[in-house]
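Next come the chains, spelled out residue by residue.
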Amino acid sequence: AERTPDTYAPVEVGIYGVTKCFSDQVAVDGIDLQVHEGEFFSVLGPSGCGKTTLLRMIAGFADPDSGRIELDGVDMVGVPPYRRDVNTVFQSYALFPHMTVWDNVAYGLRRKRLRGAELRRRVAEHLELVQLARFAKRRPTELSGGQQQRVAIARALAARPRLLLLDEPLGALDAQLRKQMQIELMQIQREVGTTFLYVTHDQEEALVLSHRVAVMNAGRVEQVGYPEDVYERPSTRFVAGFIGTSNIMDVKVSDMDGEWLELTGGGVERLRAVLPDGHSARHGQQLSVTVRPEKLHLYDADGEEQPPPGWCSLAGTVADVVYTGMSTQYVVDVPGGDSLVAFVQNTRRISDAGTPGQPVRMAWDPEFTVVLDSPARGGAE
Ligand code: ATP
């Protein structure tokens, strides 16, 4: 997604210290989030982490136990859903089966007392937007899943809400259609400029679609950032593990040189990392670091080509090789550490590193070592 100056735009959705419990369970646990006008903002997290509960409170279907939700700077406590300038698109399209596509889109507008030429113009405009103009006379049962979801989106947008909430809207579609609809949704959002708050457990979807992403775990927000932030610089062990594949190492600070940390552990011969902004470290401190598999380079252990000096580097043995088309996944056992995973683009052949049992050298630019916030949690991952 392109980076826009959205965070300079006014706050559209302000969530301040919001908590929601169900009997003995905390579903949403003290969340702070600000979504800006015109943003495509995703809430990403595993099943049961509280995404839907958060969305329902923003829509007004449930009230927080504590904390405050503001839309456009106005406190929403006690404001019923229909008085909020918000529409929701659900995974189940919730279309009226006995009405045509045209009438489905017109429904909310008629209730808003739009009539005649203006009604027709508004419906036509939104059917055009989702590329369904020629299906206007069909009923939902005569449409594919993807087309039905586009009707639901047109219906939700036709009322021109300030904010559109989308709860796993592509969840019922097959993988290929889902990919196509992702692109369409993104284009629609960029075209209309309505603020989208999108809930998904699909990390790739969140990275592809969003201006910014909030990663949730067990009722809390663990990180908010641009897609490349949460992927390239995950701030916690959970984020590193939930988005993509990660090599996590528990290590100790052995030296410090300005912003650079020298680390020992994980079977790595030379391990360095930049201390993240706003963090401090001390000698002997235990911490966790991670490096993404595609940042790792493989070398024949006794080949001519060796990693540049200054890179993080270790010796290991290939344990497993999985060809995945675009890349090959190597699992390398590291003496004195865990196994590490490397993704190597299949743009060239790795001469002899390709078989289990081969001794290899693994290395990466220390710029790509990421220090994680949370201390090692007793092996939990
Ligand atoms: P999913 O992706 O599976 O929809 P989610 O992240 O949207 O999950 P929520 O539906 O918000 O998660 O649920 C958060 C937690 O609160 C869950 O443990 C769920 O069991 C619980 N919960 C949600 N709604 C209720 C309810 N009405 N009564 C009791 N517990 C609930």
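Note that the coordinates shown come from a computational prediction; the quantities given were computed from them, not determined experimentally. Residue numbers here run from 1 along each chain, matching the order of that chain's written sequence. Reporting in this predicted model follows two pLDDT cut-offs: at least 70 for local features of residues, and 80 or more for side-chain atom pairs to be given and counted; totals over whole chains, interfaces and linings ignore these cut-offs and use all residues.

Novice: Describe in detail the overall build of the chain, supporting the description with residues and values.
Specialist: When you go through the chain residue by residue, the secondary structure sums to eight helices and 20 strands. By principal-axis analysis of the C-alpha atoms, the chain measures approximately 80 × 45 × 40 Å. Three exposure classes are used, all based on how many other C-beta atoms lie within 10 Å of a residue's own C-beta (placed from the backbone): buried at 20 or more, exposed at 12 or fewer, and partly exposed between those limits. Expressed as a percentage of the 381 residues in the chain, the buried residues total 39%. Expressed as a percentage of contacts within the chain between residues at least 6 apart in sequence, the contacts between residues at least 24 apart total 66%. Helix and strand assignments follow DSSP, with helices taken as H or I runs no shorter than four residues and strands as E runs no shorter than two, numbered in order from the N terminus. Contact between two residues is assigned whenever their backbone-derived C-beta positions fall within 7 Å.

Novice: Outline unusual backbone geometry, supporting the account with residue identities and numerical values.
Specialist: Excluding glycine, a negative phi dihedral is what most residues carry, and trans is how most peptide bonds are arranged. For Ser23, which is not a glycine, the phi torsion comes out positive at approximately 40 degrees. Relative to the elements of secondary structure, Ser23 occurs in the loop between strand 1 (11–22) and strand 2 (25–36). Not every positive phi belongs to a glycine, and Glu168 is a case in point at roughly 45 degrees. Along the polypeptide, Glu168 turns up in the loop between strand 7 (163–167) and helix 5 (175–192).

Novice: Describe the site of the ligand, listing the residues and the values that go with them.
Specialist: Using a C-beta atom placed from the backbone, a residue is described as near a molecule or strand when that atom lies within 6 Å of it. As a matter of local geometry, the ligand sits amid Phe22, Gln25, Ala27, Gly45, Ser47, Gly48, Cys49, Gly50, Lys51, Thr52, Thr53 and His201. At the level of elements, strand 2 and helix 1 (51–59) are the ones that each hand at least two residues to the shell around the ligand. It is helix 1 that contributes the most residues to the shell around the ligand, three residues altogether. By residue class, the composition of the shell around the ligand is three nonpolar, eight polar and one charged. Charged means Asp, Glu, Lys or Arg here, nonpolar means Ala, Val, Leu, Ile, Met, Phe, Trp, Tyr, Cys or Pro, and polar covers whatever is left, Gly included.

Novice: Explain the domain arrangement of the chain to me, and be specific about the residues and the numbers.
Specialist: Note that the domain bounds were set by an automatic or database domain assignment. According to the domain assignment, the chain contains domain 1 (5–240) and domain 2 (247–371). Distance between the C-alpha centres of domain 1 and domain 2: 39 Å. Listed by partner, the interface residues are four residues for domain 1 and four residues for domain 2. Partitioning the side of domain 1 that touches domain 2 into residue classes produces two nonpolar, no polar and two charged.

Novice: How would you explain the packing of helix 2 (residues 101–111) against helix 4 (residues 145–158) if you had to name every residue and give the values?
Specialist: Contact pair helix 2 / helix 4: the axes reach a minimum separation of 8 Å and the direction vectors enclose 25 degrees. Of the possible angle classes, the one that applies to helix 2 and helix 4 is roughly parallel. As helix 2 runs across helix 4, the sense of the crossing is right-handed. On helix 4, the residues touching Val101, Asn104, Val105, Tyr107, Gly108 and Leu109 of helix 2 are Val151, Ala154, Arg155 and Ala158. As a rule, the C-alpha atoms of each element are fitted with a line to give its axis, helices using only the stretch in contact, and angles between N-to-C directions run from 0 to 180 degrees. Any angle from 65 to 115 degrees is called roughly perpendicular, while one under 35 is roughly parallel, one over 145 is roughly antiparallel, and all others are oblique. Each crossing gets its hand from how the near helix is turned against the far one by less than a right angle, where anticlockwise is left-handed and clockwise is right-handed.

Novice: Quick one: what's the story with the packing of helix 3 (residues 116–129) against helix 4, residue by residue and with numbers?
Specialist: Between helix 3 and helix 4, the least distance of the axes is 9 Å, while the angle of their chain directions is 135 degrees. Here helix 4 runs oblique to helix 3, going by the angle between their axes. In the crossing of helix 3 with helix 4, the sense of the turn from one axis to the other is right-handed. Packed against helix 3, whose contacting residues are Arg122, Val123, His126, Leu127 and Leu129, the element helix 4 presents Ala154, Leu157 and Ala158 at the interface. By residue class, the composition of the contact of helix 3 with helix 4 is six nonpolar, one polar and one charged.

Novice: Kindly report on the sheet that holds strand 4 (residues 66–71), identifying the contributing residues and their values.
Specialist: One bridge is not enough; two strands pair if DSSP finds at least two bridges between them. Pairing is antiparallel in the open sheet, where four strands are placed in the order 2-1-4-5. Among the strands making up the open sheet, the edge pair consists of strand 2 and strand 5 (74–75). As defined by bridge partners, strand 1 adjoins strand 2 across nine bridges and the pair is classed as antiparallel. Its bridge partner being in strand 2, Lys20 is matched across the sheet by Val28.

Novice: Tell me what's going on with the nonpolar core, and back it up with residues and numbers.
Specialist: In this usage, the nonpolar core is the set of buried Ala, Val, Leu, Ile, Met, Phe, Trp, Tyr and Cys residues whose C-beta atoms join them within 7 Å. Core analysis: the biggest nonpolar cluster contains 93 residues, and Ile58, Ala154, Leu197, Val289, Ala342 and Met362 have the highest contact counts within it. Ranked by the residues each element gives to this core, the list is headed by helix 4, at seven residues. Of the domains in this structure, domain 1 (5–240) and domain 2 (247–371) are the two that each give at least three residues to this core. The contacts of Ala154, once residues within four sequence positions are left out, are Val105, His126, Leu127, Leu129, Val130 and Leu132.

Novice: Give a detailed account of the environment of Val77, specifying residues and quantitative values.
Specialist: Along the polypeptide, Val77 turns up in the loop between strand 5 and strand 6 (86–89). The class for Val77 is exposed, based on 11 C-beta atoms found within 10 Å.

Novice: I'd love a proper account of the confidence of the model for the chain, names of residues and values included.
Specialist: How sure the predictor is of each residue is captured by pLDDT, a score from 0 to 100. For the chain, mean pLDDT is 90; residues scoring 70 or higher make up 94% of the total. Note that residues 374–381 has pLDDT below 50 and, in this model, 12 contacts with residues that lie over four places away or in other chains. In the model output, the complex is listed with pTM 0.89 alongside ipTM 0.95.

Novice: With reference to specific residues and values, describe the sheet that holds strand 3 (residues 40–44).
Specialist: Strand order across the open sheet formed by six strands is 6-7-8-3-9-10, with mixed pairing between neighbours. A strand with exactly one partner marks an edge of an open sheet, and here the two such strands are strand 6 and strand 10 (220–225). Strand-to-strand twist of the sheet, defined as the mean angle between neighbouring strand axes without regard to direction, takes the value 20 degrees. Alignment of strand 6 against strand 7, held across four bridges, turns out to be parallel. Paired with Val89 across the bridge in strand 7 is Leu166. Running at roughly 150 degrees to strand 7, helix 1 makes contact with strand 3, strand 6, strand 7, strand 8 (195–200) and strand 9 (212–217) of the sheet.

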